[in-house]
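Residue-level listing of the chains:
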Amino acid sequence: MSNHKYNYRWKMSDGYPDKNGLLVFGTFVCGGGSTMGYKLAGYNHLGGVEIDKPIAEIYKVNHNPMHLYVEDIRDFADRDEFPEELYHLDILDGSPPCSSFSTAGNREQDWGKEKKFSEGQTFQRLDDLFFDYIRLAKKLQPKVLLIENVKGLIQGNARSYVRKINEALKDAGYHVQLFLLNAASMGVPQKRERVFFICQRKGLDYPKLKLEFNESIIPLSEISEDHRTNYLTEKYSQYWDDAKEGGTVGKFGTIRKAKYNDACHTITSGDIYHPHQKRTLVDNEYIKAGSFPSDFNFIKTDAKYIIGMSVPPIMIAQISKQIEIQWLKK
């Protein structure tokens, strides 16, 4: 018998559960992975902020938000007034762009520098976006803050940023807890380790949040499809032959060959090769591995790109449900 609380095979058209009366607003909402997770847990998600216009259009089409601000988080945090409901939030959510801290990126070489990146096609510093989120939190004063980022944030020299983030959160009026969680333990068919800052507003006196997820692994074999597409060229077929299951492919550190009897690797910009067929994974496999709904409308954007940038919906559903049970419904 399955021990999975949420089913990764789902459709938005089937509807979300009844609302629990709790309000969420998002920042860096991308395609809405987190948004769907909150809705699966029963929250009323009001919308959010997204700098990239095409991505914001995907968000709008799929989620029909009450509020959607297509602008830089810096400009949004600079506002003096917000809609009244944003001053009564239960959770302010955010996943600041993480390439500056990812172990697959340049890390220290990019810290403090402005770079051109795809979201919005503009020059920005990515490593200080945490602090713009915190500026916004200080103005809105929601009960709970939830900030998600890559595991690399707590590794090596990046830990100095964590100390600065903690201090800024405390100065904004919050008690901070830091978690390293893996989506594969929550019923998501993907090994995705992420860091979560989960903070309660001072004065609420909630107990320490306890997050323990031990759901059984969903292996690639369960989401695999028999496809005759996405076959590799002769050159990459040789790399496939030489690669071991679970290992990197050739000289490409971002390309992995999946294990058939284990959860899918973290979905990133790099391809994931199927272990038994000489091809990359197909969209339907990525959709299931990311716990995205089968009827999500990606418009003309690559599904893997959106899913790779998003928090798996079921991951957020699991976490936010515990926040509701342990804190917000007390």
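Everything below is about the structure printed above this text.
Residues numbered from 1 in each chain as written. Predicted model: local features only at pLDDT ≥ 70, side-chain atom pairs only at ≥ 80, totals over all residues. Heavy atoms only, no water.

A. The pattern of salt bridges, seen in detail. Per the counting criterion, the structure on display carries 16 salt bridges. Measuring nitrogen to oxygen at the nearest pair gives 2.9 Å for the salt bridge that ties arginine 74 to aspartate 128. With arginine 74 in helix 3 (residues 73-77) and aspartate 128 in the loop between strand 6 (122-124) and helix 4 (129-140), the pair connects residues that are 54 residues apart, well separated along the chain. Through salt bridges with shared partners, one network takes in Asp72, Arg74, Asp78, Asp128, Asp132 and Arg135. (Salt bridge = Lys/Arg side-chain N within 4 Å of Asp/Glu carboxyl O. Helix = DSSP H or I, 4+ residues; strand = E, 2+ residues; numbered from the N terminus.)

B. Fine view of unusual backbone geometry. In this structure, asparagine 64 is a non-glycine residue whose phi angle is positive, near 45°. If you trace the backbone, asparagine 64 turns up in the loop between helix 2 (53-63) and strand 3 (67-69). Residue asparagine 64 is classed as exposed on the basis of its relative accessible area, which comes to 67%. One non-glycine residue, asparagine 230, adopts positive backbone phi at about 60°. As for its position among the elements, asparagine 230 is in the loop between helix 6 (220-223) and helix 7 (234-242). Note on asparagine 230: relative accessible area 37%, which makes it partly exposed. (Buried < 20%, exposed > 50% of the residue type's maximum accessible area, 1.4 Å probe, protein only.)

C. Spotlight on the side chain of lysine 39. Within the element layout of this structure, lysine 39 appears in helix 1 (residues 33-40). Look at lysine 39: it is buried, it has no salt bridge, and the nearest opposite charge is aspartate 295 at 12 Å. Not counting chain neighbours up to four residues away, the residues in contact with lysine 39 comprise Tyr16, Pro17, His45 and His63. (Lys, Arg positive; Asp, Glu negative; His and termini not counted. Contact = heavy atoms within 4.5 Å.)

D. Broad picture of the packing of helix 1 against helix 10 (residues 313-328). Packing of helix 1 against helix 10 leaves a shortest axis separation of 7 Å and a crossing angle of 45°. Here helix 10 runs oblique to helix 1, going by the angle between their axes. As helix 1 packs across helix 10, the resulting crossing turns out to be right-handed. Contacts from Gly33, Ser34, Met36, Gly37, Tyr38 and Leu40 in helix 1 reach Pro313, Ile314, Ile316, Ala317 and Ser320 in helix 10. Here the contact of helix 1 with helix 10 is composed, by residue class, of 7 nonpolar, 4 polar and no charged. (Axes fitted to C-alpha atoms, helices over the stretch in contact; angles between N-to-C directions. Parallel < 35°, antiparallel > 145°, perpendicular 65-115°, else oblique. Left-handed = near helix turned anticlockwise from the far one by under 90°. Nonpolar A, V, L, I, M, F, W, Y, C, P; charged D, E, K, R; others polar.)

E. Molecular detail of the pairing of strand 4 (residues 91-94). Of the two faces of strand 4, the one carrying Ile91 and Asp93 and the one carrying Leu92 and Gly94 are both buried. Pairing of strand 1 (residues 23-27) with strand 4, which is carried by 4 bridges, proceeds in the parallel orientation. Paired with glycine 26 across the bridge in strand 4 is aspartate 93. Where strand 4 and strand 7 (residues 144-150) come together, 4 bridges link them in parallel fashion. Bridging from a neighbouring strand, aspartate 93 pairs with leucine 146 of strand 7. (Pairing = 2+ DSSP bridges.)

F. Main features of the sheet that holds strand 10 (residues 248-249). Taken in spatial order, the 3 strands of this open sheet run 10-11-12, and their pairing is mixed. With one partner strand each, in any of the chains shown, strand 10 and strand 12 (272-273) form the two edges of the open sheet. Of the strands in this sheet, strand 10, strand 11 (252-257) and strand 12 are in contact with helix 7, which crosses strand 11 at around 70°.

G. Inspection of the packing of aromatic side chains at higher detail. One pass over the structure, following the stated rule, counts 15 aromatic pairs. Residues phenylalanine 292 and phenylalanine 296 carry aromatic rings whose centres are separated by 5.0 Å and whose planes lie at 70° to one another, so their mutual orientation is edge-to-face. Site record: aromatic cluster; members linked through ring pairs are Phe25, Tyr69, Phe76, Phe82 and Tyr87. The ring of tryptophan 240 is capped by lysine 257, whose NZ or CZ atom sits 3.9 Å from the centre of that ring. (Phe/Tyr/Trp six-rings, centres within 6.5 Å; stacked < 30°, edge-to-face > 60°. Lys NZ or Arg CZ within 6 Å of the ring centre and 35° of its normal.)

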